[in-house]
Amino acid sequence: MPRSFCLVLASLVVASTTFAAEPTGDPTVVEKTPGLVAFWDFGEKAGEVRRSRGTKNPHPLREVNGPIPRVAGGPFSGYAAEFDGKRYFRIPYEQTKDLNISGPKAQVSMFAVVRIVDLRQSRTIAGMWSEGKGRDDDTGTRQYAMLMNMPTYGGPNQLVPHVSSEGGVTRRADGSPFPWCCDYAASVSKVPEEEWCTLAFTYDGEYIRAYVNGRFEPRKLNPAKDRRTDPYFTKEGPDGGDRGMNPYYHGRGIFAYDPEKHAESKPDGGADFTVGARYAVGSFLREATKGRFGGLAVFNRALADEEVAKLHAAADVETLNSRVATAVVGAFDDEVAQLEKQLENAKTETILGITFRTGRLRGQEVVVARTGIGKVNAAMTTTLLVEHFRPRRIVFTGVAGSLNPELGPGDLLLATHTVQHDRGTVDGERLVLRGFTGPVTGERDPVEFPAGESLLETARKAAESVELERVEGAEHEPRVREGVVATGDVFVMSVAGKKSVRERTKADAVEMEGAAVAQVCRQLDVPLLVVRSISDNADENASRDFQKFAPVAARNSIRLVLAILDELE
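Asks: Would you explain the overall build of the protein in this entry?
Replies: Counting secondary structure elements, the protein contains eleven helices and 27 strands. Computed over C-alpha atoms, the radius of gyration of the protein comes to 27 Å, within 12% of the 25 Å expected from 2.2 N^0.38 for 569 residues, which places it in the range of a compact globule. Viewed in the frame of its principal axes, the protein has a C-alpha envelope of about 85 × 50 × 40 Å. Residues classed as buried in the protein amount to 59% of the 569 residues present. Considering only intrachain contacts with a sequence separation of at least 6, the fraction spanning at least 24 residues in the protein is 73%. The average position of the 72 basic charges and that of the 79 acidic charges among the side chains of the protein differ by 2 Å.

Following this line, the structure appears as C-alpha coordinates:
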(Lines give C-alpha, C1' and ligand atoms only; values in the text may rest on other atoms or scores of the structure.)
Protein backbone atom coordinates (compact mmCIF):
# COMPACT_ATOMS: atom_id res chain seq x y z
CA MET A 1 0.00 0.00 0.00
CA PRO A 2 1.51 3.39 -1.00
CA ARG A 3 2.38 5.65 1.91
CA SER A 4 0.62 8.68 0.41
CA PHE A 5 -1.27 10.01 3.41
CA CYS A 6 1.57 12.22 4.62
CA LEU A 7 1.82 13.73 1.16
CA VAL A 8 -1.89 14.57 1.22
CA LEU A 9 -1.47 16.40 4.52
CA ALA A 10 1.63 18.17 3.26
CA SER A 11 -0.15 19.38 0.16
CA LEU A 12 -3.07 20.62 2.23
CA VAL A 13 -0.81 22.47 4.64
CA VAL A 14 1.06 24.25 1.86
CA ALA A 15 -1.85 24.89 -0.47
CA SER A 16 -4.51 25.79 2.07
CA THR A 17 -2.50 28.18 4.15
CA THR A 18 -0.69 29.75 1.21
CA PHE A 19 -3.59 30.29 -1.15
CA ALA A 20 -6.79 30.36 0.90
CA ALA A 21 -5.57 33.13 3.22
CA GLU A 22 -5.47 35.79 0.52
CA PRO A 23 -7.84 38.66 1.45
CA THR A 24 -10.47 39.73 -1.04
CA GLY A 25 -10.87 43.22 0.35
CA ASP A 26 -8.96 46.32 1.41
CA PRO A 27 -8.77 46.84 5.20
CA THR A 28 -7.20 50.29 4.82
CA VAL A 29 -10.55 51.67 3.70
CA VAL A 30 -11.98 50.73 7.09
CA GLU A 31 -8.95 51.99 8.99
CA LYS A 32 -9.06 55.38 7.27
CA THR A 33 -12.76 55.98 7.90
CA PRO A 34 -13.08 58.76 10.52
CA GLY A 35 -14.52 57.85 13.89
CA LEU A 36 -13.20 54.28 13.95
CA VAL A 37 -13.25 52.86 17.47
CA ALA A 38 -12.65 49.16 16.80
CA PHE A 39 -11.92 46.96 13.79
CA TRP A 40 -11.44 43.21 13.97
CA ASP A 41 -10.38 41.22 10.89
CA PHE A 42 -10.44 37.82 12.69
CA GLY A 43 -7.08 36.73 11.32
CA GLU A 44 -5.93 35.21 14.62
CA LYS A 45 -5.98 31.45 15.19
CA ALA A 46 -8.49 29.68 17.40
CA GLY A 47 -7.54 30.13 21.05
CA GLU A 48 -5.87 33.48 20.43
CA VAL A 49 -7.28 36.84 21.48
CA ARG A 50 -8.76 38.75 18.54
CA ARG A 51 -7.50 42.35 18.60
CA SER A 52 -8.66 45.53 16.95
CA ARG A 53 -6.40 46.88 14.22
CA GLY A 54 -5.72 50.52 13.41
CA THR A 55 -7.36 51.89 16.57
CA LYS A 56 -6.29 53.57 19.80
CA ASN A 57 -7.43 50.65 21.96
CA PRO A 58 -6.80 47.01 21.02
CA HIS A 59 -10.19 45.88 22.38
CA PRO A 60 -9.23 42.22 22.87
CA LEU A 61 -12.11 39.86 22.12
CA ARG A 62 -11.90 36.78 24.29
CA GLU A 63 -13.55 33.46 23.49
CA VAL A 64 -16.40 32.19 25.63
CA ASN A 65 -17.26 28.48 25.89
CA GLY A 66 -14.17 27.32 23.99
CA PRO A 67 -11.95 28.09 20.99
CA ILE A 68 -13.64 29.67 17.98
CA PRO A 69 -12.10 28.23 14.80
CA ARG A 70 -10.29 30.36 12.27
CA VAL A 71 -11.24 29.30 8.76
CA ALA A 72 -9.83 30.26 5.39
CA GLY A 73 -11.65 32.86 3.36
CA GLY A 74 -12.21 36.38 4.60
CA PRO A 75 -12.25 39.95 3.30
CA PHE A 76 -9.60 41.69 5.37
CA SER A 77 -7.18 39.05 6.66
CA GLY A 78 -7.99 36.13 4.37
CA TYR A 79 -9.60 34.39 7.34
CA ALA A 80 -12.83 34.41 9.28
CA ALA A 81 -14.06 33.35 12.71
CA GLU A 82 -16.57 30.50 12.57
CA PHE A 83 -19.41 30.55 15.11
CA ASP A 84 -21.36 27.42 15.98
CA GLY A 85 -24.20 28.91 18.03
CA LYS A 86 -22.50 27.89 21.28
CA ARG A 87 -19.38 30.09 21.43
CA TYR A 88 -18.96 33.82 21.18
CA PHE A 89 -16.59 36.71 21.91
CA ARG A 90 -16.78 39.03 24.89
CA ILE A 91 -15.24 42.19 26.34
CA PRO A 92 -16.36 42.77 29.97
CA TYR A 93 -18.21 46.03 30.55
CA GLU A 94 -15.40 47.39 32.72
CA GLN A 95 -12.94 46.98 29.82
CA THR A 96 -15.05 48.35 26.97
CA LYS A 97 -13.39 51.80 27.05
CA ASP A 98 -14.41 53.80 23.97
CA LEU A 99 -16.74 51.04 22.83
CA ASN A 100 -18.96 52.25 25.67
CA ILE A 101 -20.81 54.71 23.46
CA SER A 102 -23.62 56.36 25.43
CA GLY A 103 -25.33 59.61 26.29
CA PRO A 104 -28.17 61.82 25.03
CA LYS A 105 -26.19 63.07 22.03
CA ALA A 106 -24.23 59.90 21.26
CA GLN A 107 -23.85 58.61 17.73
CA VAL A 108 -22.76 55.15 16.61
CA SER A 109 -22.27 53.06 13.46
CA MET A 110 -21.44 49.40 12.99
CA PHE A 111 -20.24 47.51 9.91
CA ALA A 112 -19.87 43.74 9.56
CA VAL A 113 -18.88 41.26 6.86
CA VAL A 114 -20.61 37.99 7.65
CA ARG A 115 -21.87 34.71 6.29
CA ILE A 116 -24.94 33.79 8.33
CA VAL A 117 -26.38 30.29 8.73
CA ASP A 118 -29.92 29.64 10.02
CA LEU A 119 -31.60 32.95 10.79
CA ARG A 120 -34.13 31.15 12.96
CA GLN A 121 -31.44 31.03 15.63
CA SER A 122 -28.72 33.37 14.40
CA ARG A 123 -29.94 36.77 15.51
CA THR A 124 -26.92 38.56 16.94
CA ILE A 125 -24.03 40.30 15.22
CA ALA A 126 -22.55 42.41 18.03
CA GLY A 127 -23.07 45.26 20.45
CA MET A 128 -23.43 46.37 24.05
CA TRP A 129 -26.80 44.81 24.64
CA SER A 130 -27.94 42.99 27.76
CA GLU A 131 -31.71 42.35 27.76
CA GLY A 132 -32.22 40.82 31.18
CA LYS A 133 -34.45 37.88 31.98
CA GLY A 134 -37.16 38.23 29.36
CA ARG A 135 -40.59 39.73 28.76
CA ASP A 136 -41.54 42.68 31.00
CA ASP A 137 -38.12 42.59 32.67
CA ASP A 138 -36.73 46.09 33.10
CA THR A 139 -33.29 45.16 34.48
CA GLY A 140 -31.60 45.23 31.08
CA THR A 141 -28.70 47.51 30.22
CA ARG A 142 -29.17 47.79 26.48
CA GLN A 143 -27.15 50.41 24.60
CA TYR A 144 -26.68 49.59 20.89
CA ALA A 145 -26.59 46.40 18.87
CA MET A 146 -26.79 45.01 15.35
CA LEU A 147 -29.41 42.26 15.46
CA MET A 148 -31.37 40.21 12.92
CA ASN A 149 -34.77 38.59 12.50
CA MET A 150 -37.01 40.23 15.08
CA PRO A 151 -40.59 39.64 13.84
CA THR A 152 -42.34 41.05 16.93
CA TYR A 153 -42.39 44.57 15.49
CA GLY A 154 -42.01 43.97 11.77
CA GLY A 155 -38.47 42.70 11.24
CA PRO A 156 -38.71 39.03 10.21
CA ASN A 157 -35.44 37.82 8.65
CA GLN A 158 -34.33 41.42 8.21
CA LEU A 159 -31.53 43.52 9.65
CA VAL A 160 -32.88 45.18 12.80
CA PRO A 161 -30.32 47.51 14.43
CA HIS A 162 -31.37 48.51 17.94
CA VAL A 163 -30.67 51.57 20.07
CA SER A 164 -32.02 51.97 23.60
CA SER A 165 -32.28 55.09 25.74
CA GLU A 166 -33.76 53.29 28.77
CA GLY A 167 -31.57 50.19 28.96
CA GLY A 168 -34.66 48.22 29.90
CA VAL A 169 -37.97 48.00 28.08
CA THR A 170 -39.13 50.81 25.80
CA ARG A 171 -41.47 53.34 27.42
CA ARG A 172 -44.09 55.52 25.80
CA ALA A 173 -44.26 59.27 26.37
CA ASP A 174 -46.62 58.70 29.32
CA GLY A 175 -44.12 56.31 30.94
CA SER A 176 -46.06 53.13 30.29
CA PRO A 177 -43.83 50.20 29.27
CA PHE A 178 -43.71 47.84 26.33
CA PRO A 179 -42.90 44.20 27.15
CA TRP A 180 -39.64 44.50 25.18
CA CYS A 181 -37.33 47.04 23.63
CA CYS A 182 -38.97 48.00 20.35
CA ASP A 183 -36.70 50.80 19.16
CA TYR A 184 -35.17 49.47 15.98
CA ALA A 185 -35.06 50.07 12.28
CA ALA A 186 -35.90 47.23 9.89
CA SER A 187 -34.34 46.82 6.47
CA VAL A 188 -36.27 46.13 3.27
CA SER A 189 -33.97 43.32 2.17
CA LYS A 190 -33.71 40.11 4.10
CA VAL A 191 -30.36 39.17 5.58
CA PRO A 192 -28.79 36.72 3.09
CA GLU A 193 -28.21 33.20 4.39
CA GLU A 194 -25.24 30.99 3.54
CA GLU A 195 -23.51 33.66 1.48
CA TRP A 196 -21.18 36.49 2.37
CA CYS A 197 -22.75 39.92 2.76
CA THR A 198 -22.16 43.22 4.51
CA LEU A 199 -24.49 44.53 7.20
CA ALA A 200 -24.35 48.00 8.70
CA PHE A 201 -26.30 50.54 10.67
CA THR A 202 -25.91 54.17 11.65
CA TYR A 203 -27.44 56.28 14.43
CA ASP A 204 -27.08 60.04 14.28
CA GLY A 205 -28.82 60.85 17.56
CA GLU A 206 -32.21 60.95 15.89
CA TYR A 207 -32.55 58.24 13.25
CA ILE A 208 -31.42 54.61 13.00
CA ARG A 209 -30.65 53.44 9.46
CA ALA A 210 -30.12 49.83 8.33
CA TYR A 211 -27.93 48.82 5.36
CA VAL A 212 -27.71 45.44 3.62
CA ASN A 213 -24.81 45.03 1.18
CA GLY A 214 -23.99 48.72 1.35
CA ARG A 215 -27.43 49.97 0.41
CA PHE A 216 -29.85 52.06 2.44
CA GLU A 217 -33.36 51.13 1.34
CA PRO A 218 -36.03 53.51 2.63
CA ARG A 219 -38.99 51.76 4.21
CA LYS A 220 -42.17 53.53 5.30
CA LEU A 221 -44.18 52.38 8.25
CA ASN A 222 -47.17 50.15 7.48
CA PRO A 223 -48.70 49.92 10.96
CA ALA A 224 -50.84 46.83 10.43
CA LYS A 225 -48.34 44.86 8.39
CA ASP A 226 -45.39 45.88 10.57
CA ARG A 227 -47.23 45.20 13.85
CA ARG A 228 -46.66 48.77 14.95
CA THR A 229 -50.18 50.06 15.50
CA ASP A 230 -49.40 51.40 18.97
CA PRO A 231 -49.52 55.23 19.13
CA TYR A 232 -45.88 55.14 20.20
CA PHE A 233 -45.03 54.20 16.62
CA THR A 234 -47.74 56.13 14.80
CA LYS A 235 -48.00 59.40 16.77
CA GLU A 236 -44.84 59.87 18.82
CA GLY A 237 -42.48 60.53 15.96
CA PRO A 238 -41.33 63.95 14.69
CA ASP A 239 -44.13 66.56 14.79
CA GLY A 240 -46.60 63.98 16.06
CA GLY A 241 -46.15 61.73 13.05
CA ASP A 242 -44.94 58.16 12.81
CA ARG A 243 -41.43 56.96 13.55
CA GLY A 244 -40.93 55.20 10.22
CA MET A 245 -39.19 51.86 9.71
CA ASN A 246 -36.00 52.67 7.82
CA PRO A 247 -34.96 55.20 8.92
CA TYR A 248 -36.52 54.78 12.33
CA TYR A 249 -36.84 57.80 14.61
CA HIS A 250 -35.25 57.43 18.03
CA GLY A 251 -34.32 60.88 19.28
CA ARG A 252 -33.53 60.08 22.90
CA GLY A 253 -29.87 59.06 22.77
CA ILE A 254 -28.15 55.94 24.08
CA PHE A 255 -28.51 54.54 27.59
CA ALA A 256 -25.61 55.22 29.98
CA TYR A 257 -25.22 52.81 32.87
CA ASP A 258 -24.54 54.46 36.23
CA PRO A 259 -23.41 52.05 38.98
CA GLU A 260 -24.89 54.21 41.75
CA LYS A 261 -28.08 55.27 40.04
CA HIS A 262 -28.87 51.79 38.74
CA ALA A 263 -27.57 49.66 41.62
CA GLU A 264 -31.05 48.42 42.57
CA SER A 265 -32.94 48.68 39.28
CA LYS A 266 -30.22 47.04 37.18
CA PRO A 267 -28.26 44.82 39.56
CA ASP A 268 -26.44 42.83 36.87
CA GLY A 269 -24.36 45.84 35.85
CA GLY A 270 -23.53 47.37 32.49
CA ALA A 271 -23.66 45.40 29.26
CA ASP A 272 -20.58 43.62 28.02
CA PHE A 273 -19.57 44.10 24.40
CA THR A 274 -20.29 40.74 22.79
CA VAL A 275 -19.91 39.34 19.29
CA GLY A 276 -22.06 36.50 18.03
CA ALA A 277 -24.31 36.41 21.10
CA ARG A 278 -26.10 38.64 23.60
CA TYR A 279 -27.73 38.18 26.98
CA ALA A 280 -31.43 37.67 26.23
CA VAL A 281 -34.22 35.84 28.04
CA GLY A 282 -31.76 34.77 30.71
CA SER A 283 -29.23 33.19 28.33
CA PHE A 284 -26.37 34.12 26.02
CA LEU A 285 -26.97 31.16 23.71
CA ARG A 286 -30.68 31.15 22.94
CA GLU A 287 -30.15 33.36 19.89
CA ALA A 288 -26.40 32.97 19.40
CA THR A 289 -25.18 33.03 15.84
CA LYS A 290 -24.01 30.31 13.48
CA GLY A 291 -21.85 31.43 10.61
CA ARG A 292 -18.65 33.27 9.76
CA PHE A 293 -17.46 36.74 10.63
CA GLY A 294 -14.77 38.20 8.37
CA GLY A 295 -14.78 41.77 9.64
CA LEU A 296 -16.44 43.93 12.28
CA ALA A 297 -16.03 47.67 12.85
CA VAL A 298 -17.52 50.17 15.30
CA PHE A 299 -17.54 53.97 14.83
CA ASN A 300 -18.43 56.72 17.27
CA ARG A 301 -20.33 58.76 14.72
CA ALA A 302 -23.02 58.25 12.10
CA LEU A 303 -21.50 57.33 8.76
CA ALA A 304 -22.96 58.79 5.60
CA ASP A 305 -24.58 56.58 2.95
CA GLU A 306 -21.58 56.92 0.66
CA GLU A 307 -19.20 55.90 3.46
CA VAL A 308 -21.17 52.71 4.10
CA ALA A 309 -21.13 52.01 0.37
CA LYS A 310 -17.34 52.40 0.34
CA LEU A 311 -16.96 49.96 3.24
CA HIS A 312 -19.12 47.45 1.40
CA ALA A 313 -17.02 47.82 -1.76
CA ALA A 314 -13.84 47.43 0.30
CA ALA A 315 -14.97 43.96 1.45
CA ASP A 316 -15.57 42.70 -2.12
CA VAL A 317 -18.05 40.05 -1.04
CA GLU A 318 -18.74 39.18 -4.66
CA THR A 319 -15.27 37.72 -5.00
CA LEU A 320 -15.47 36.27 -1.52
CA ASN A 321 -18.64 34.37 -2.36
CA SER A 322 -17.44 32.79 -5.57
CA ARG A 323 -16.29 33.24 -9.10
CA VAL A 324 -18.40 30.32 -10.29
CA ALA A 325 -21.52 28.60 -9.08
CA THR A 326 -20.45 24.97 -9.49
CA ALA A 327 -17.20 23.12 -10.04
CA VAL A 328 -17.30 19.73 -11.77
CA VAL A 329 -14.15 17.65 -11.48
CA GLY A 330 -13.07 14.20 -12.53
CA ALA A 331 -9.84 12.26 -12.47
CA PHE A 332 -9.18 11.82 -16.21
CA ASP A 333 -10.34 12.74 -19.71
CA ASP A 334 -13.32 10.41 -20.12
CA GLU A 335 -14.79 11.81 -16.92
CA VAL A 336 -14.81 15.51 -17.90
CA ALA A 337 -14.11 15.92 -21.64
CA GLN A 338 -17.78 15.64 -22.56
CA LEU A 339 -18.62 18.46 -20.20
CA GLU A 340 -15.87 20.69 -21.57
CA LYS A 341 -17.28 20.31 -25.10
CA GLN A 342 -20.63 21.69 -23.93
CA LEU A 343 -19.24 24.82 -22.26
CA GLU A 344 -20.42 28.14 -23.65
CA ASN A 345 -17.99 31.08 -23.69
CA ALA A 346 -15.28 28.65 -22.63
CA LYS A 347 -11.99 29.99 -21.33
CA THR A 348 -8.87 28.18 -20.21
CA GLU A 349 -6.84 29.10 -17.13
CA THR A 350 -3.67 27.36 -16.05
CA ILE A 351 -2.60 27.55 -12.41
CA LEU A 352 0.67 25.94 -11.35
CA GLY A 353 0.49 23.75 -14.45
CA ILE A 354 -3.07 22.54 -13.83
CA THR A 355 -5.68 23.42 -16.46
CA PHE A 356 -9.13 24.70 -15.56
CA ARG A 357 -11.91 25.38 -18.08
CA THR A 358 -14.59 27.95 -17.22
CA GLY A 359 -17.82 28.83 -19.02
CA ARG A 360 -21.57 28.51 -18.90
CA LEU A 361 -23.19 25.11 -18.68
CA ARG A 362 -26.91 24.55 -18.29
CA GLY A 363 -27.40 28.23 -17.49
CA GLN A 364 -24.79 28.70 -14.78
CA GLU A 365 -21.15 29.61 -14.46
CA VAL A 366 -19.02 26.50 -13.94
CA VAL A 367 -15.42 25.42 -13.83
CA VAL A 368 -14.36 21.98 -15.06
CA ALA A 369 -11.07 20.32 -14.16
CA ARG A 370 -9.16 17.06 -14.23
CA THR A 371 -7.61 16.23 -10.89
CA GLY A 372 -5.35 13.43 -12.07
CA ILE A 373 -5.49 9.98 -10.51
CA GLY A 374 -4.93 9.48 -6.78
CA LYS A 375 -5.48 11.30 -3.52
CA VAL A 376 -2.56 13.72 -3.63
CA ASN A 377 -3.39 14.91 -7.14
CA ALA A 378 -7.05 15.25 -6.20
CA ALA A 379 -6.28 17.22 -3.02
CA MET A 380 -3.88 19.58 -4.79
CA THR A 381 -6.22 20.33 -7.70
CA THR A 382 -9.22 20.82 -5.44
CA THR A 383 -7.36 23.23 -3.16
CA LEU A 384 -6.20 25.35 -6.09
CA LEU A 385 -9.71 25.29 -7.56
CA VAL A 386 -11.38 26.43 -4.33
CA GLU A 387 -8.84 29.19 -3.70
CA HIS A 388 -8.93 30.60 -7.20
CA PHE A 389 -12.54 30.09 -8.34
CA ARG A 390 -14.35 29.96 -4.98
CA PRO A 391 -17.20 27.70 -6.17
CA ARG A 392 -20.37 27.44 -4.13
CA ARG A 393 -20.32 23.67 -4.54
CA ILE A 394 -18.29 20.85 -6.11
CA VAL A 395 -19.51 17.73 -7.90
CA PHE A 396 -16.99 14.95 -8.51
CA THR A 397 -17.88 12.73 -11.44
CA GLY A 398 -16.24 9.49 -12.48
CA VAL A 399 -16.11 5.73 -12.33
CA ALA A 400 -15.52 3.24 -9.54
CA GLY A 401 -15.18 -0.44 -8.80
CA SER A 402 -18.10 -2.23 -7.18
CA LEU A 403 -17.76 -3.65 -3.67
CA ASN A 404 -21.47 -4.36 -3.34
CA PRO A 405 -22.76 -7.39 -5.25
CA GLU A 406 -25.97 -5.48 -5.99
CA LEU A 407 -24.05 -2.91 -8.05
CA GLY A 408 -22.94 -3.74 -11.57
CA PRO A 409 -21.36 -1.96 -14.57
CA GLY A 410 -23.28 1.14 -15.57
CA ASP A 411 -25.02 1.61 -12.22
CA LEU A 412 -24.65 5.00 -10.55
CA LEU A 413 -23.84 5.58 -6.91
CA LEU A 414 -24.57 8.82 -5.07
CA ALA A 415 -22.04 8.94 -2.25
CA THR A 416 -23.84 9.72 0.98
CA HIS A 417 -20.39 9.42 2.58
CA THR A 418 -16.83 8.95 1.46
CA VAL A 419 -14.09 7.27 3.47
CA GLN A 420 -10.36 6.77 2.94
CA HIS A 421 -9.76 3.05 3.29
CA ASP A 422 -5.96 3.40 3.62
CA ARG A 423 -5.90 6.23 6.19
CA GLY A 424 -5.20 5.49 9.82
CA THR A 425 -2.80 3.54 11.99
CA VAL A 426 -1.43 0.01 11.69
CA ASP A 427 -1.97 -2.07 14.82
CA GLY A 428 -0.02 -5.28 14.25
CA GLU A 429 -1.29 -6.49 10.89
CA ARG A 430 -4.55 -4.59 11.20
CA LEU A 431 -5.22 -1.16 9.69
CA VAL A 432 -7.37 0.94 12.02
CA LEU A 433 -9.12 3.80 10.24
CA ARG A 434 -8.91 7.17 11.97
CA GLY A 435 -8.99 10.86 11.23
CA PHE A 436 -6.23 13.37 11.92
CA THR A 437 -6.14 17.06 12.77
CA GLY A 438 -6.78 19.32 9.80
CA PRO A 439 -4.38 22.20 9.11
CA VAL A 440 -7.05 24.83 8.48
CA THR A 441 -9.67 24.30 11.19
CA GLY A 442 -7.30 22.77 13.74
CA GLU A 443 -9.93 20.12 14.44
CA ARG A 444 -9.80 16.37 13.90
CA ASP A 445 -11.33 15.28 10.62
CA PRO A 446 -13.89 12.49 10.81
CA VAL A 447 -13.24 9.05 9.35
CA GLU A 448 -16.19 9.44 7.00
CA PHE A 449 -17.07 12.62 5.15
CA PRO A 450 -20.79 13.24 4.51
CA ALA A 451 -22.06 14.66 1.26
CA GLY A 452 -23.47 18.18 1.16
CA GLU A 453 -27.08 17.67 2.22
CA SER A 454 -28.58 20.12 -0.24
CA LEU A 455 -26.52 18.72 -3.12
CA LEU A 456 -27.50 15.17 -2.25
CA GLU A 457 -31.18 16.10 -2.17
CA THR A 458 -30.84 17.83 -5.55
CA ALA A 459 -29.17 14.72 -6.98
CA ARG A 460 -32.03 12.56 -5.72
CA LYS A 461 -34.50 14.71 -7.64
CA ALA A 462 -32.33 14.67 -10.74
CA ALA A 463 -32.03 10.88 -10.56
CA GLU A 464 -35.79 10.49 -10.90
CA SER A 465 -35.77 11.57 -14.54
CA VAL A 466 -32.26 10.88 -15.83
CA GLU A 467 -31.96 8.38 -18.68
CA LEU A 468 -28.94 6.10 -18.40
CA GLU A 469 -27.10 4.21 -21.09
CA ARG A 470 -27.14 0.45 -20.78
CA VAL A 471 -23.78 -1.28 -20.71
CA GLU A 472 -23.41 -3.82 -23.52
CA GLY A 473 -23.59 -7.30 -22.09
CA ALA A 474 -24.94 -6.21 -18.72
CA GLU A 475 -27.77 -8.27 -17.28
CA HIS A 476 -29.80 -5.35 -15.91
CA GLU A 477 -30.85 -1.80 -16.68
CA PRO A 478 -28.57 0.75 -14.99
CA ARG A 479 -30.00 2.42 -11.90
CA VAL A 480 -29.10 5.07 -9.37
CA ARG A 481 -28.36 3.97 -5.81
CA GLU A 482 -27.01 5.64 -2.68
CA GLY A 483 -24.14 4.37 -0.58
CA VAL A 484 -20.62 4.79 0.73
CA VAL A 485 -17.60 5.29 -1.52
CA ALA A 486 -14.14 4.21 -0.31
CA THR A 487 -11.01 6.01 -1.52
CA GLY A 488 -7.42 4.81 -1.54
CA ASP A 489 -4.18 5.14 -3.47
CA VAL A 490 -4.50 1.62 -4.86
CA PHE A 491 -6.43 0.18 -7.81
CA VAL A 492 -8.31 -2.73 -6.24
CA MET A 493 -8.35 -5.73 -8.57
CA SER A 494 -8.64 -8.89 -6.49
CA VAL A 495 -11.35 -10.63 -4.54
CA ALA A 496 -9.19 -10.56 -1.43
CA GLY A 497 -8.49 -6.84 -1.76
CA LYS A 498 -12.14 -6.14 -2.44
CA LYS A 499 -13.21 -8.10 0.61
CA SER A 500 -10.67 -6.32 2.80
CA VAL A 501 -11.85 -2.83 1.81
CA ARG A 502 -15.50 -3.83 2.14
CA GLU A 503 -15.03 -5.26 5.63
CA ARG A 504 -12.97 -2.27 6.78
CA THR A 505 -15.29 0.47 5.49
CA LYS A 506 -18.71 -1.09 4.74
CA ALA A 507 -18.42 0.78 1.45
CA ASP A 508 -20.34 0.02 -1.73
CA ALA A 509 -17.71 1.16 -4.25
CA VAL A 510 -14.00 1.93 -4.34
CA GLU A 511 -12.02 4.58 -6.22
CA MET A 512 -8.93 6.76 -5.78
CA GLU A 513 -9.96 10.43 -5.28
CA GLY A 514 -13.36 11.11 -3.69
CA ALA A 515 -12.59 11.15 0.04
CA ALA A 516 -9.41 13.19 -0.49
CA VAL A 517 -11.51 15.85 -2.23
CA ALA A 518 -14.03 15.58 0.61
CA GLN A 519 -11.31 16.19 3.18
CA VAL A 520 -10.26 19.39 1.42
CA CYS A 521 -13.87 20.50 1.03
CA ARG A 522 -14.53 19.97 4.71
CA GLN A 523 -11.48 22.02 5.68
CA LEU A 524 -12.42 24.82 3.28
CA ASP A 525 -16.19 24.60 3.86
CA VAL A 526 -17.36 23.81 0.33
CA PRO A 527 -20.33 21.43 -0.16
CA LEU A 528 -19.37 18.31 -2.15
CA LEU A 529 -21.17 15.47 -3.85
CA VAL A 530 -19.33 12.47 -5.31
CA VAL A 531 -21.11 10.71 -8.18
CA ARG A 532 -19.61 7.38 -9.25
CA SER A 533 -20.64 5.03 -12.06
CA ILE A 534 -19.60 1.41 -11.78
CA SER A 535 -16.98 0.38 -14.34
CA ASP A 536 -15.82 -2.96 -12.88
CA ASN A 537 -16.23 -5.33 -9.95
CA ALA A 538 -12.85 -4.62 -8.34
CA ASP A 539 -11.84 -8.28 -8.81
CA GLU A 540 -9.27 -10.11 -10.91
CA ASN A 541 -11.09 -8.97 -14.08
CA ALA A 542 -11.12 -5.31 -13.01
CA SER A 543 -8.46 -4.11 -15.43
CA ARG A 544 -10.14 -5.77 -18.41
CA ASP A 545 -13.64 -4.67 -17.39
CA PHE A 546 -12.44 -1.12 -16.75
CA GLN A 547 -11.19 -0.81 -20.30
CA LYS A 548 -14.45 -2.22 -21.61
CA PHE A 549 -17.04 -0.49 -19.46
CA ALA A 550 -15.41 2.76 -18.27
CA PRO A 551 -16.47 4.91 -21.28
CA VAL A 552 -20.16 4.04 -20.85
CA ALA A 553 -19.92 4.35 -17.07
CA ALA A 554 -18.34 7.80 -17.40
CA ARG A 555 -21.09 8.92 -19.76
CA ASN A 556 -23.76 7.81 -17.32
CA SER A 557 -22.10 9.73 -14.53
CA ILE A 558 -22.00 12.86 -16.68
CA ARG A 559 -25.68 12.43 -17.61
CA LEU A 560 -26.57 12.59 -13.95
CA VAL A 561 -24.26 15.55 -13.36
CA LEU A 562 -25.99 17.48 -16.15
CA ALA A 563 -29.37 16.60 -14.66
CA ILE A 564 -28.11 17.89 -11.30
CA LEU A 565 -27.06 21.17 -12.92
CA ASP A 566 -30.55 21.49 -14.43
CA GLU A 567 -32.08 21.10 -10.97
CA LEU A 568 -29.66 23.65 -9.49
CA GLU A 569 -30.55 26.18 -12.20
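Asks: What is the right way to read the environment of Asp 239 from this model?
Replies: As for its placement among the helices and strands, Asp 239 is situated in the loop between helix H3 (231-234) and strand E13 (248-249). Residue class for Asp 239 comes out exposed when judged on its relative accessible area of 86%. Taking the C-alpha atoms as reference, Asp 239 lies 88 Å from Glu 540; in sequence the two are 301 residues apart.

Asks: Sorry, what's going on with the nonpolar core here?
Replies: The tendency in soluble globular proteins is for nonpolar side chains to be buried side by side. Counting residues in hydrophobic clusters, the biggest one holds 62 residues, and the most contacted among them are Trp 40, Ile 125, Tyr 144, Leu 199 and Phe 273. Tyr 144 has contacts with Leu 99, Ile 101, Val 108, Met 110, Gly 127, Met 128, Trp 129, His 162, Phe 201, Phe 273 and Val 298, leaving out every residue within four places of it along the chain. Core analysis: the second largest hydrophobic core is formed by 35 residues, Ala 369, Ala 379, Leu 413 and Cys 521 among them.

Asks: Please explain the sheet that holds strand E7 (residues 124-128) as it appears in this structure.
Replies: Sheet strands line up and pair through hydrogen bonds in the backbone, either parallel or antiparallel. One open sheet accounts for six strands, arranged E2-E5-E14-E7-E8-E9; its pairing is antiparallel. Pairing within the sheet leaves two strands with one partner each, and these edge strands are strand E2 (62-64) and strand E9 (155-163). This sheet shows a mean twist of 25° between the axes of neighbouring strands, independent of strand direction. Both strand E8 (residues 144-150) and E9 contribute to a ladder of six bridges, which runs antiparallel. Looking at the pairing, Met 146 lines up with Pro 161 of E9.

Reading the values: the criteria
- Residues numbered from 1 in each chain as written.
- Predicted model: local features only at pLDDT ≥ 70, side-chain atom pairs only at ≥ 80, totals over all residues.
- Heavy atoms only, no water.
- Helix = DSSP H or I, 4+ residues; strand = E, 2+ residues; numbered from the N terminus.
- Rg over C-alpha atoms; globule rule 2.2 N^0.38 Å.
- Buried < 20%, exposed > 50% of the residue type's maximum accessible area, 1.4 Å probe, protein only.
- Contact = heavy atoms within 4.5 Å.
- Lys, Arg positive; Asp, Glu negative; His and termini not counted.
- Charge placed at Lys NZ, Arg CZ, Asp CG, Glu CD.
- Core = buried A, V, L, I, M, F, W, Y, C linked by side-chain atoms within 4.5 Å.
- Pairing = 2+ DSSP bridges.
- Axes fitted to C-alpha atoms, helices over the stretch in contact; angles between N-to-C directions.

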